[in-house]
Structures are given as structure tokens and as C-alpha cells.
Amino acid sequence: PEVNKRIDSSLEALEALHQLVKWTPGLENIRPLPQIVQKKLEHSERVIQTYLSEVEYIWATVFKAVTTPDSEGLLVANRDCKLNAVFCKNEYPYNIPENTNHYIMWYNTFEIEEEQINQDIYNAIKDLIGHTLFEFVWYENPKMTVPEIYHLQVFWRTKPLW
């Protein structure tokens with residue numbers, strides 16, 4: 001199977017790929033465990049007490065945008081930041097197979113070509129681990145929790161040496 005590219009996010013396609021390669025998410029691996037869901041809910045409650053919205057929080061924390069308080073004292077992000085793409089570990093990972101990493105690739109634009117995304121993810125993983133013995137797949141989550149900011153679910157692993 002081809003990796004290091006976008007995959008179909010339909011449940012059937014995810015399960016078929018999982019059965020073939022074992023390290024990608026399948027039907028049992030596309031949602032976080034209940035304790036992770038609870039952690040996310042608690043965090044979201046704290047975010048809306050500090051930021052105008054989850055979107056402002058993402059701009060501030062992922063893209064390192066400068067924030068200023070609005071009239072209610074909630075933080076609003078200045079969208080004029082220098083970071084265009086950010087690759088980071090998913091704070092609320094799915095219940096993925098062992099030795100698989102779940103990251104998110106965030107973009108400050110929706111205008112990005114698939115080939116560029118593949119290259120950005122490849123470069124980000126290479127920079128993170130210092131070598132090229134890895135493989136990845138990615139998809140757009142059809143049920144994004146923050147649809148206002150373009151981001152992708154990325155699953156990757158270091159290739160076994162045997």
C-alpha cells in the first residue's frame with residue numbers, strides 16, 4: 001500500500017488499510033479513549049474562560065499569535081503571524097495502535113496543495129526524529145472540532161528495521 005500521502009477517511013477505507021498494515025487507525029482506533037475525551041472537555045471549559053473562542057486559542061498557542069484582551073477581558077489573537085504551518089503532537093490522541101504517533105498538521109490557510117502537505121509532513125517528521133526511516137498517512141477529519149482552521153490528522157511510525 002502507498003503511504004506518505006493522504007488516505008481516504010471513510011470508515012471502510014481506514015479499516016481496510018489498518019487490516020493491511022496494522023499501524024494505521026482502523027474502526028477501533030479513530031476516537032480517543034473516554035478519559036482523553038473527558039480531558040479535552042475539561043480543557044475546552046478552561047479555554048473559553050480565557051479566550052474568546054477555541055479558534056483564538058489555536059491561533060495563540062499553535063501559531064504563537066500575539067493576543068490582546070477584548071472588552072470582556074477574553075483574549076483575541078492577532079492573525080498576522082509568521083508561522084504558516086505547525087506540526088505538533090495531538091494533545092487528545094485517538095486510541096491508535098502501539099508504536100503509531102498521532103500528530104496534527106495545522107495551516108493558517110486553506111489554500112495548500114496536497115503535494116505541499118506531503119512534503120511539509122515529511123520534512124516535519126524528519127526534523128523531529130533526525131532520520132528518514134519513517135512512514136506516515138494523513139487525512140482531513142470529516143468531523144473537525146475546529147473547522148475554521150485548516151488542520152489534518154497525521155499518523156506516523158518509525159519503520160521497523162527488520
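**Student:** Any chance you could explain the pattern of salt bridges here in plain terms?
**Tutor:** Once their charged atoms are close, side chains differing in charge can pair, the charge on each being opposite to the other. One pass over the structure, following the stated rule, counts four salt bridges. Between E140 and R6 there is a salt bridge, and its shortest N-O distance comes to 3.2 Å. A residue pair is termed long-range when its members are at least 10 positions apart, and E140 in the loop between β6 (134-139) and β7 (151-158) and R6 in strand β1 (residues 5-6) qualify at 134 residues. Given a relative accessible area of 26%, E140 falls into the partly exposed group. Look at R6 and you get partly exposed, because its relative accessible area is 31%. Residue E56 pairs with R79 through a salt bridge whose shortest N-O separation is 2.4 Å. Within this pair, whereas E56 is found in helix α3 (residues 54-61), its partner R79 is found in the loop between β3 (75-77) and β4 (85-89), the two being separated by 23 residues in sequence. Bridged by salt links that share partners, the residues R6, E114 and E140 form one connected network.

**Student:** It is not clear to me how the layout of surface pockets should be interpreted in this structure. Could you clarify?
**Tutor:** Within this model, the largest pocket holds a volume of roughly 530 Å³. Considering the residues around the largest pocket, the lining is formed by 28 residues, among which K40, N90, Y92, I104 and T145 are closest to the centre. Looking at the lining of the largest pocket, the elements that each hand over two or more residues are α2 (34-50), α3, β4, β5 (101-107) and β7. Ranked by residues supplied to the lining of the largest pocket, first place goes to α2 with six residues. Per-class residue counts for the lining of the largest pocket are 14 nonpolar, eight polar and six charged. What the second largest pocket holds in volume is close to 200 Å³. Lining the second largest pocket, in full, are S9, S10, L11, L14, I30, R31, Y94, Y139, N141, P142 and K143. Along the lines of polarity and charge, the residues of the lining of the second largest pocket split into six nonpolar, three polar and two charged.

About the criteria used
Residues numbered from 1 in each chain as written. Predicted model: local features only at pLDDT ≥ 70, side-chain atom pairs only at ≥ 80, totals over all residues. Heavy atoms only, no water. Salt bridge = Lys/Arg side-chain N within 4 Å of Asp/Glu carboxyl O. Helix = DSSP H or I, 4+ residues; strand = E, 2+ residues; numbered from the N terminus. Buried < 20%, exposed > 50% of the residue type's maximum accessible area, 1.4 Å probe, protein only. 1 Å grid on protein atoms, 1.4 Å probe; cavity = no way out; pocket = protein on both sides within 12 Å on 5 of 7 lines; lining within 4 Å. Points joined across faces, edges and corners; volume = space filled by probe spheres on them. Nonpolar A, V, L, I, M, F, W, Y, C, P; charged D, E, K, R; others polar.

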